[in-house]
Amino acid sequence: MVRIRVLVVDDHRIFAESLAAALAAEPDVEVAAAGSGPAALRSLDRAAGEGRRFDVVLVDADLGAMPPGLRPAPPVPDGGEDGVVDGISLVAGVRSAQPQVRIVVLAERDDPRRAALALQAGACGWVAKDCSLSRLLTVIRGVLRDETHLPPALLTGVLRELTATRKHRTESERLVESLTPREREVLRCMVAGLGRKAVAERLFLSPHTVRTHMQNVLGKLGVHSTLAAVALARRAGVGPADLAVPSAGDVVERGGQLA
């Protein structure tokens with residue numbers, strides 16, 4: 001019998017253990033549980049190293065959320081056990097590290113915006129935490145057949161969110177396309193986090209020339225800050241500049257003149 005390996009990720013221990021026990025009662029399901037994002041990533045890595053990869057990960061949509069009035073602890077830099085990783089971020093992390101794993105988000109409430117974000121991050125389904133075990137098993141087996149599962153009541157809202165996201169991306173792409181090649185290069189340096197002086201050194205331009213280019217970029221994009229320009233650029237799919245040192249054969253500009 002082919003067994004389905006499932007990882008339950010939820011920081012509510014009683015819920016995680018109860019769900020894992022219910023799933024483990026199925027003859028073709030093998031289950032493990034993790035209480036945090038970092039713990040889940042470690043479990044996935046360990047299973048992959050042992051040649052026993054998980055097939056499906058069930059992620060709590062509210063992973064890492066704190067009760068009202070409490071402040072979460074800051075993330076641990078090395079991603080330790082106490083590091084804070086929210087559900088949507090974990091979906092993206094798992095999808096990036098192990099793209100063959102199917103991910104289903106478990107939610108306490110319907111939320112079209114967050115469901116759309118989960119799908120964009122790589123989830124294959126959004127299921128209510130209080131759904132029946134048979135419904136959850138149907139979803140688990142369905143996503144392994146490359147199906148996408150959403151509650152019918154969420155479908156219209158999710159499609160609206162995805163359409164709005166695409167509309168914003170299209171508008172951002174149009175604005176970026178209005179930039180000159182040099183302005184786009186400056187924008188990519190801004191996305192990489194370079195300041196004016198670093199951009200000048202990178203592109204062999206004078207600081208004054210870089211300042212002019214940056215002002216032109218902000219004006220054409222219709223924003224008033226570098227942070228806003230970077231956010232718009234990312235929506236348009238603009239990646240950071242390659243920070244490798246240009247080779248001797250590259251065409252560069254010095255003091256506003258092509259070398």
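Just so it is clear, the structure is predicted and the values come from calculations on it, not from any experiment. (Residues numbered from 1 in each chain as written. Predicted model: local features only at pLDDT ≥ 70, side-chain atom pairs only at ≥ 80, totals over all residues. Heavy atoms only, no water.)

## Quick word on empty space enclosed by the protein
- This structure, assessed with the given rule, holds one cavity of 30 Å³ or more.
- Looking at the largest cavity, its volume works out to about 30 Å³.
- In terms of lining, the largest cavity is formed by A61, D62, A107, E108, R109, D111, R114 and W126.
- For the lining of the largest cavity, a count of residues per class yields three nonpolar, no polar and five charged. (1 Å grid on protein atoms, 1.4 Å probe; cavity = no way out; pocket = protein on both sides within 12 Å on 5 of 7 lines; lining within 4 Å. Points joined across faces, edges and corners; volume = space filled by probe spheres on them. Nonpolar A, V, L, I, M, F, W, Y, C, P; charged D, E, K, R; others polar.)

## Some points on the environment of L63
- If you trace the backbone, L63 turns up in the loop between β3 (56-60) and α3 (87-97).
- For L63, a relative accessible area of 3% puts it in the buried group.
- Put simply, L63 and G37 are 26 residues apart on the chain and 7.6 Å apart in space, counted from C-alpha to C-alpha. (Helix = DSSP H or I, 4+ residues; strand = E, 2+ residues; numbered from the N terminus. Buried < 20%, exposed > 50% of the residue type's maximum accessible area, 1.4 Å probe, protein only.)

## Thoughts on the pairing of strand β2 (residues 29-34)
- Here strand β1 (residues 4-9) pairs with β2 via six bridges, running parallel. Looking at β2, one finds that L7 is bridged to A32. (Pairing = 2+ DSSP bridges.)

## Looking at the nonpolar core
- If you look at the biggest cluster of nonpolar residues, it comprises 29 residues, and the most contacted ones within it are L7, V9, V57, L90, V105 and W126.
- Secondary structure elements with two or more residues in this core: β1, α2 (37-49), β3, α3, β4 (102-107), α4 (112-121) and α6 (152-177).
- Beyond its immediate sequence surroundings of up to four residues, V57 is in contact with L7, V9, L44, V101, R102, I103 and V104.
- By size, the runner-up hydrophobic cluster in this structure holds 25 residues, among which are V176, M190, L203 and A229. (Core = buried A, V, L, I, M, F, W, Y, C linked by side-chain atoms within 4.5 Å. Contact = heavy atoms within 4.5 Å.)

## A few points about the packing of aromatic side chains
- Counted under the stated rule, the structure contains zero aromatic pairs.
- Against the face of F54 rests R5, its NZ or CZ located 4.4 Å from the ring centre. (Phe/Tyr/Trp six-rings, centres within 6.5 Å; stacked < 30°, edge-to-face > 60°. Lys NZ or Arg CZ within 6 Å of the ring centre and 35° of its normal.)

## Details of the confidence of the model for the protein chain
- The share of residues in the protein chain with pLDDT of 70 or more is 83%, and the mean pLDDT across the chain is 81.
- Note on residues 66-84: pLDDT is under 50 here. Beyond four places in sequence and across chains, it has 16 contacts.
- Note that residues 245-259 has pLDDT below 50 and, in this model, 21 contacts with residues that lie over four places away or in other chains. (pLDDT = per-residue confidence, 0-100.)

## Re the sheet that holds β3
- Strand order in the open sheet formed by five strands is β2-β1-β3-β4-β5, with parallel pairing between adjacent strands. Each edge of the sheet is formed by a strand with only one pairing partner; in this case those strands are β2 and β5 (125-128). Going from strand to strand, the sheet's axes swing by 25° on average, the running direction of each strand aside.
- As paired elements, β1 and β3 share four bridges and run parallel to each other. (Axes fitted to C-alpha atoms, helices over the stretch in contact; angles between N-to-C directions.)

## Some thoughts on the packing of helix α7 (residues 181-191) against helix α9 (residues 207-221)
- Packing of α7 against α9 leaves a shortest axis separation of 9 Å and a crossing angle of 95°. Between α7 and α9, the interaxial angle falls into the category roughly perpendicular. On the side of α7, the interface is formed by R182, E183, V186, L187 and M190, while α9 contributes H213, M214, N216, V217, L218, K220 and L221.
- Here the contact of α7 with α9 is built from residues that sort into seven nonpolar, two polar and three charged. (Parallel < 35°, antiparallel > 145°, perpendicular 65-115°, else oblique.)

## What to know about unusual backbone geometry
- At D146, a position not held by glycine, the phi torsion is positive, near 65°.
- For D146, the location among the structural elements is in the loop between α5 (133-143) and α6.
- Judged by its relative accessible area of 57%, D146 falls in the exposed class.
- In this model, F204 sits at a positive phi of 55°, which is unusual for a non-glycine residue.

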